[in-house]
Amino acid sequence: MEIIDILFTASFWAAAIRISSPLIFATLGELICERAGVLNLGIEGIMVAGAFAGWMAVYSGTGLWAGVCVAMLVGMLFGLLHSTLTVPFGLSQHVVGLGVTLLATSSTYYAYRLALPEVTSPPKIEAFQPYEIPILSDIPLLGPALFSQTPLTYLAFILVAVVGVVLYRTPLGLAVRAAGENPATVVAQGLSVTAIRMGSVMVGSGLMAVGGAFLTMSAFDSFFFEMVNGRGWICIALVVFGTWRPGKALLGAVLFAAFDALQIRVQQTSLGTHIPYQIFLMMPFILSIFALILMSRRAEVPAALMVPFNKGER
Amino acid sequence: MRLEPIKNPTLVRKLVPPAIALISTVVIASFLAMVAGANPFSVIGLILKGSFGSQFAILETLNRATPLIFTGLAVAVAFRAKFWNIGAEAQLYAGALMTVLLGTGVFPWPSFAILPLIIVASILAGAVVLLVPALLKIRFGVDEVVTTLLFNFIFLLFISMLLEGVLKDPMGMGWPKSARIIPEAKLPRIVDGLRLHWGFGLAVFSAICIWIIQNRRTLGYEMRAVGLNRDAAAFAGIPVNVVIVKTALLSGGLAALAGFSEVAGLKGSLTLDLSPGFGYTGIIVAMLALLNPLGVIVAALFVAGIFVGADSMSRAADVPTYLADIMLATALLLMVLAIMLTRFRVVRD
């Protein structure tokens, strides 16, 4: 069986880890927002903006890491807009989120057209290159899959641990979780629910933008319209699938990416050529829906998600 | 800061925030046009001229508003019951698909029956497409925001598969495009010689029907109750799940009519670029209309005007057309804020 063979190649798992990286950044970002009680539907547009901002910064001469910072800052700006409208003003998180996605996407495309009016194919940048971790990268199968990735992928995996520790082992994390579960206890602690929620949305949006930047600065070396192509919405499903926990979200993202890497390879086998390619492209979205159905019974939704705090009827 | 409800808002209170929102949108758009190298004071004039400045422009705007009225109504109906249908795009294509399936003359129906049958079939197709997320929500508690969004991608790929497979027009020179519908399946023009089809009439008629349902029928009352407070509605004996399913069927059917009217009234065949995001823009239309069905007509004309006007402004002033989308996103965000400020006062703690 060709499909079984694929599963035992290092290049397959290397691709899975690579594909999972932007999803990990953005899923962590969404998870932080939702843990604090704010659904951020701006994710899709913020990823587009991050992808463009990071790439454009590097194209105009900054270093790669400076480009990542620029992407993060742009993401945080959109996070500030989102959280200003949804937290102190308590506006509908659905409507504001979709509005932010539209604003981020359209202003990105506008900026692209202004910055590069003449080009037919977008210019390439010198993207992040794989860095082989000494010794570890020599392990058979695991080495090339896990330890020959680009620095941004390592950062994604490190961030999962960091977010996990901060959320569950620090007073700050406790405050964030309380803001999403029972905001009244945050007030009892003498803290501001508004500040915690706005901060969480800004940090989360920054991570979403870095997830987008991974696409233009690590996975590819150029910016295309439609390149985010629904990844943001899939990340929202991954947060549910991971029951709002960073570790499980990571697992979900890698599983999802492995499936995605598999379908790309199956497309090229003799079996794949008989099936319309659209069926393969549908798979990630269908898989996400099944994941949602599967986890729906076990979901531990933050109790105060989408509930504006202390602002009466809206 | 804190928000305090205003008991009896004055007329000034009701009008000033929305007016400021609108003016701010214009100022931001003019500024962005200036960044692009255009004269900031000419942009809005060019947009107005391009959208309402001539008979041709007005007809173009009305045509563009037609699908937006349908998708706007679809969203307004669903959002009223707090059923977050973000999948109007998929339902639109379901209607369009039904129109080409039945409209290309494969069935020997009498010509007077073709259009009514296609309309009914389109509505059913859109309703079924939205029924799946509605049932997933009721049965498994799966959030419909995510499922309807994901369905948009799935359904568009499905259409793409059909257009490159069984539905592909053999005369289409290799383009992924369906065969053309027969003349009997076309929506006639409202006035001979003017490029405006009866899809617009159907859209206005639908808006009136929805207004009647919402304000004069039990279903409308139930939908509103479910939207305001699901638990209270259930406590009052309203079958919440049944109301959600009915809402979904109605919403999906309305969105499908957008696809029907685009194919039967304007394009004549199905392509993958039939809708430049009419489903998503419907959300903006519905929100600007405050979910009021008759307001949807006005909001759709406003939004269509911006799109059509921005197209011609873009050619005249060499500003990217994406300015239209920025204007709409800005208008949406500022308007929801402004509407809230007509009813609440910001107080310092």
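Residues numbered from 1 in each chain as written. Chains lettered and ligands numbered in written order. Predicted model: local features only at pLDDT ≥ 70, side-chain atom pairs only at ≥ 80, totals over all residues. Heavy atoms only, no water.

Colleague: For the overall build of chain A, give the residues involved together with the corresponding values.
Modeller: Assigned secondary structure in chain A consists of 13 helices and zero strands. Secondary structure elements of chain A occur, N-terminal to C-terminal, as α-α-α-α-α-α-α-α-α-α-α-α-α. A compact globule built from 314 residues should have a C-alpha radius of gyration of about 20 Å, and chain A, at 20 Å, falls within 12% of that. When the backbone C-alpha atoms are referred to their principal axes, chain A occupies close to 60 × 50 × 40 Å. Taking all 314 residues of chain A together, 57% fall into the buried category. Of the charged side chains in chain A, 15 are positive and 15 negative, and the gap between their average positions amounts to 12 Å. (Helix = DSSP H or I, 4+ residues; strand = E, 2+ residues; numbered from the N terminus. Rg over C-alpha atoms; globule rule 2.2 N^0.38 Å. Buried < 20%, exposed > 50% of the residue type's maximum accessible area, 1.4 Å probe, protein only. Lys, Arg positive; Asp, Glu negative; His and termini not counted. Charge placed at Lys NZ, Arg CZ, Asp CG, Glu CD.)

Colleague: How would you sum up the overall build of chain B? Please name residues and give values.
Modeller: Looking only at helices and strands, chain B has 13 helices and two strands in total. On C-alpha atoms alone, chain B measures out to a radius of gyration of 21 Å, which is about the 20 Å that the 2.2 N^0.38 rule sets for 349 residues. Along the longest, intermediate and shortest principal axes, the C-alpha atoms of chain B span 70 × 60 × 35 Å. Here chain B holds 349 residues, and 55% of them are scored as buried. For chain B, the share of sequence-separated contacts (at least 6 apart) that also reach a separation of at least 24 residues comes to 76%. (Contact = heavy atoms within 4.5 Å.)

Colleague: Describe the interface of chain A and chain B, and please don't skip the residues or the numbers.
Modeller: Many analyses report the size of an interface as the accessible area lost when the parts associate. Every contact between the two is made by 45 residues of chain A and, on the other side, 46 residues of chain B. At the surface where chain A touches chain B, the tally comes to zero salt bridges. Here chain A is connected to chain B by five residue pairs in polar contact (both at pLDDT 80 or more). Among the elements of the structure, α4 (64-86), α5 (93-115), α11 (231-241) and α13 (277-296) of chain A are those that each provide at least two residues to the side of chain A that touches chain B. The dominant element in the side of chain A that touches chain B, judged by the number of residues it contributes, is α5(A), at 14 residues. Here the residues of the side of chain A that touches chain B are counted per class, giving 30 nonpolar, ten polar and five charged. (Salt bridge = Lys/Arg side-chain N within 4 Å of Asp/Glu carboxyl O. Polar contact = N/O pair within 3.5 Å; in protein donor to acceptor, adjacent residues only side chain to side chain. Nonpolar A, V, L, I, M, F, W, Y, C, P; charged D, E, K, R; others polar.)

Colleague: Outline the packing of aromatic side chains, supporting the account with residue identities and numerical values.
Modeller: Counting across every chain of the model gives 17 aromatic pairs over all chains. Centre to centre, the rings of A:F12 and A:W13 are 4.9 Å apart; their planes meet at 75°, and the pair counts as edge-to-face. The exposure class of A:F12 is buried, given its relative accessible area of 1%. Cluster of aromatic residues (ring-pair linked, three or more members): A:F52, A:W55, A:Y59, A:Y109, A:Y112, A:F223, A:F225 and B:Y322. The ring centre of B:F140 lies 5.1 Å from the NZ or CZ of B:R139, which sits over that ring. (Phe/Tyr/Trp six-rings, centres within 6.5 Å; stacked < 30°, edge-to-face > 60°. Lys NZ or Arg CZ within 6 Å of the ring centre and 35° of its normal.)

Colleague: Break down the confidence of the model for chain B for me, with residues and values.
Modeller: The pLDDT averaged across chain B works out to 92; a share of 100% of its residues lies at or above 70. When pLDDT is averaged over each element of chain B, helix α3 (residues 55-80) of chain B comes out on top at 96 and strand β1 (residues 2-5) of chain B at the bottom at 84. (pLDDT = per-residue confidence, 0-100.)

Colleague: I'd love a proper account of helix α10 (residues 193-219) of chain A, names of residues and values included.
Modeller: Residues and elements named next belong to chain A. Helix length check: α10, at 27 residues, gives a terminal C-alpha distance of 37 Å against a target of 39 Å (1.5 Å per residue), a fit within 8%. Along α10, the largest kink reaches about 35° and is centred on A213. Most of α10 sits out of view: 21 of its 27 residues are buried. (Expected span 1.5 Å × (residues − 1). Bend = angle between axes of the 7 residues up to and from the residue.)

Colleague: Pulling in residues and values, what's your account of the pattern of salt bridges?
Modeller: Close approach of charged atoms lets side chains of opposite charge pair. Residue and element names in this part refer to chain B. In total, this model carries eight salt bridges over all chains according to the counting rule given. Residues E60 and R195 are paired through a salt bridge, measuring 3.1 Å at the closest nitrogen-oxygen approach. Of this pair, E60 sits in helix α3 while R195 sits in the loop between α6 (144-164) and α7 (199-216), and the two are 135 residues apart along the sequence. On the accessibility criterion, E60 (21% relative accessible area) is partly exposed. Note on R195: relative accessible area 39%, which makes it partly exposed. Between D311 and R64 there is a salt bridge; the shortest N-O distance is 3.3 Å. Of this pair, D311 sits in helix α12 (residues 293-317) while R64 sits in helix α3, and the two are 247 residues apart along the sequence. Among the residues examined, R64 registers a relative accessible area of 22% and is labelled partly exposed. Beyond isolated ion pairs, a larger network of salt bridges with shared partners links R2, E4 and R345.

Colleague: Give me the lowdown on the side chain of A:T108, citing residues and values where you can.
Modeller: Residues and elements named next belong to chain A. As for its position among the elements, T108 is in helix α5. Looking at T108, the relative accessible area reads 5%, which means it is buried. Look past the residues within four positions of T108 in its chain and what remains in contact with it is V48, A49, F52 and F223.

Colleague: How would you summarise the nonpolar core if you had to cite specific residues and measurements?
Modeller: Inside soluble globular proteins, nonpolar side chains tend to come together where they are buried. If you look at the biggest cluster of nonpolar residues, it comprises 204 residues, and the most contacted ones within it are A:F223, A:W233, B:F79, B:L270 and B:V319. The contacts of A:F223, once residues within four sequence positions are left out, are A:V48, A:A51, A:F52, A:W55, A:T108, A:Y109, A:Y112, A:P122 and A:T216. Formed by eleven residues, the second largest nonpolar core is a distinct cluster that contains A:I6, A:A15, A:A257 and A:A261. (Core = buried A, V, L, I, M, F, W, Y, C linked by side-chain atoms within 4.5 Å.)

Colleague: Tell me what's going on with a nonpolar patch on the surface, and back it up with residues and numbers.
Modeller: Nonpolar side chains collect at one region of the surface, where A:I4, A:L7, A:F8, A:W13 and A:L141 lie side by side and expose about 460 Å² of accessible area between them. Residue position: A:L7 is located in helix α1 (residues 2-7). (Patch = residues over 30% accessible without salt bridge, like charges linked within 9 Å, V, L, I, M, F, W, Y side chains within 5 Å. Areas by Shrake-Rupley, 256 points an atom, 1.4 Å probe, with all protein chains shown as cover.)

Colleague: Could you give an account of unusual backbone geometry, naming the residues involved and the relevant values?
Modeller: If you check the backbone angles, A:M306 has positive phi at about 70° while not being a glycine. Structurally, the position occupied by A:M306 is in the segment after α13. A:M306 sits in the partly exposed class, given a relative accessible area of 33%. Positive phi is not limited to glycine here, since B:L291 has a value of about 65°. Looking at the element boundaries, B:L291 is found in the loop between α11 (278-288) and α12. Of the residues examined, B:L291 reaches a relative accessible area of 14% and is grouped as buried.

Colleague: I'd like to hear about the environment of B:L59, residue by residue, with values.
Modeller: Residue and element names in this part refer to chain B. Positionally, L59 belongs in helix α3. Once the C-alpha coordinates of L59 and E164 are considered, the two residues, 105 residues apart in sequence, prove to be 33 Å apart. Once residues within four sequence positions are removed from consideration, L59 is found in contact with L194, R195 and L196.

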